[in-house]
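# Summary of the model geometry
As a plain string of letters, each chain reads:
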Amino acid sequence: MALADYQQLVKDMVSDQDAVITPDVLDRAIEQARVRYGSDLPRELQGDVTWPALGVFGPVPAGWDDASRVLHAMYPIDTRTPVYVDAYKDPAGVWGLESLNALPEGAVVRVTYTAPHLLDANADTISPQHRLPVAQYAAFLLCQQLAARYSGERETAVGADVARTESRARAYSARAREYRAAYYQGTDQADPFAAPGAAAGAQTGAAAVVSWPVRNPRYALVRRSVL
């Protein structure tokens, strides 16, 4: 799917008779949904890097992002031997890798790492089975905005308009909860803001970052910054 497909899908989910949702607002919601999904279920990439000199410091693989982290690494790669490698950021803001032990010049290290998902006019790395949930998360954000808008308008509404705006605010608030729950259910995650003891499908609250386990705890590495 391209970005235009997500735009249409989200429009179909959110009724906006007053044309409150502009194209920019729609695109921001979809972008926030992409970031949310990438945080919850990041891409897993693999790349080879070459150690420039004898020592513990090496470059990060292509496609590395500020949100990336190392899952595990191997050297020599033909023997699939695990090597302890960590990511660091120097004072100039440049990312690099640091191994626990010195590696020789020219050593090729195979690094498995996370990266954000892509979603634009030309690329979509979101898993096909998760495209609907991602659109539902964007719809959740938009319904939240509409609920807040109509709740605010209630204060200045007069006569019959009071009941109308209150009804809209409640409807959008309820729909927002439904879309948020659908996102977590559709991506096989527990809603972190569900009410204690709430059954699946009756979860409430706002979305938050969910921790993501590494593939092999033996090689779990902690990203850190060098100050």
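Scroll up to find the structure.
Remember, it's a predicted structure, so these values are computed and weren't measured experimentally.

## Focus: the nonpolar core
Core analysis: the biggest nonpolar cluster contains 32 residues, and Val-10, Val-14, Ile-21, Ile-30 and Leu-142 have the highest contact counts within it. Elements with a minimum of two residues in this core: helix H1 (3-13), helix H2 (23-40), helix H3 (131-153) and helix H4 (160-186). It is H3 that provides the largest number of residues to this core, a total of 12 residues. In this structure, Val-10 is in contact with Leu-26, Ile-30, Ala-135, Ala-138, Ala-139 and Leu-142, ignoring residues within four places of it in sequence. Ranked by size, the runner-up nonpolar core spans 15 residues in total, among them Val-49, Val-109, Val-111 and Tyr-113.

## What to know about the environment of Ala-73
The residue Ala-73 is located in strand S3 (residues 70-74) in this model. Relative accessible area serves as the criterion here: at 2%, Ala-73 is assigned to the buried category. Note: C-alpha distance between Ala-73 and Asp-86 (13 residues apart in sequence) is 9.2 Å. Those residues in contact with Ala-73, other than ones at most four positions away along the chain, are Thr-81, Pro-82, Val-83, Val-85, Val-109, Arg-110 and Val-111.

## Side note on H1
Of all the residues in H1, the buried ones are Tyr-6, Gln-7, Val-10 and Met-13. Angular distribution of buried residues about the axis of H1 spans 125°; they occupy a single face of the element. Among the exposed residues of H1, those oriented more than 90 degrees off its buried face are Lys-11 and Asp-12.

## Structural notes on the packing of aromatic side chains
Each aromatic ring pair is summarised here by two numbers: the centre-to-centre distance and the angle between the ring planes. This structure, assessed with the given rule, holds seven aromatic pairs. Through a chain of ring-to-ring contacts, the aromatic side chains of Tyr-137, Phe-140, Tyr-183 and Tyr-184 assemble into a single cluster.

## Let's talk about unusual backbone geometry
A cis amide bond links Tyr-75 with the next residue in sequence, Pro-76, at an omega value of -10°. If you check the backbone angles, Arg-80 has positive phi at about 55° while not being a glycine. Here Arg-80 is to be found in the loop between S3 and strand S4 (85-89). At Asp-188, a residue that is not glycine, the phi angle is positive and equals roughly 60°. Among the structural elements, Asp-188 can be located in the segment after H4. For Asp-188, a relative accessible area of 71% corresponds to the exposed category.

## Some details on the sheet that holds S4
With respect to topology, three strands assemble into an open sheet ordered S2-S5-S4, the strand pairing being antiparallel. With partners counted over all chains shown, the strands left at the sheet margins are strand S2 (55-58) and S4, one partner each. Across this sheet, the average inter-strand angle for adjacent strands is 30°, counted without regard to direction. Here five bridges tie S4 to strand S5 (residues 95-103), and the two strands are oriented antiparallel to one another. Looking at S5, one finds that Ala-87 is bridged to Leu-97.

Calculation rules
Residues numbered from 1 in each chain as written. Predicted model: local features only at pLDDT ≥ 70, side-chain atom pairs only at ≥ 80, totals over all residues. Heavy atoms only, no water. Core = buried A, V, L, I, M, F, W, Y, C linked by side-chain atoms within 4.5 Å. Buried < 20%, exposed > 50% of the residue type's maximum accessible area, 1.4 Å probe, protein only. Helix = DSSP H or I, 4+ residues; strand = E, 2+ residues; numbered from the N terminus. Contact = heavy atoms within 4.5 Å. Arc of directions from axis to C-beta. Phe/Tyr/Trp six-rings, centres within 6.5 Å; stacked < 30°, edge-to-face > 60°. Pairing = 2+ DSSP bridges. Axes fitted to C-alpha atoms, helices over the stretch in contact; angles between N-to-C directions.

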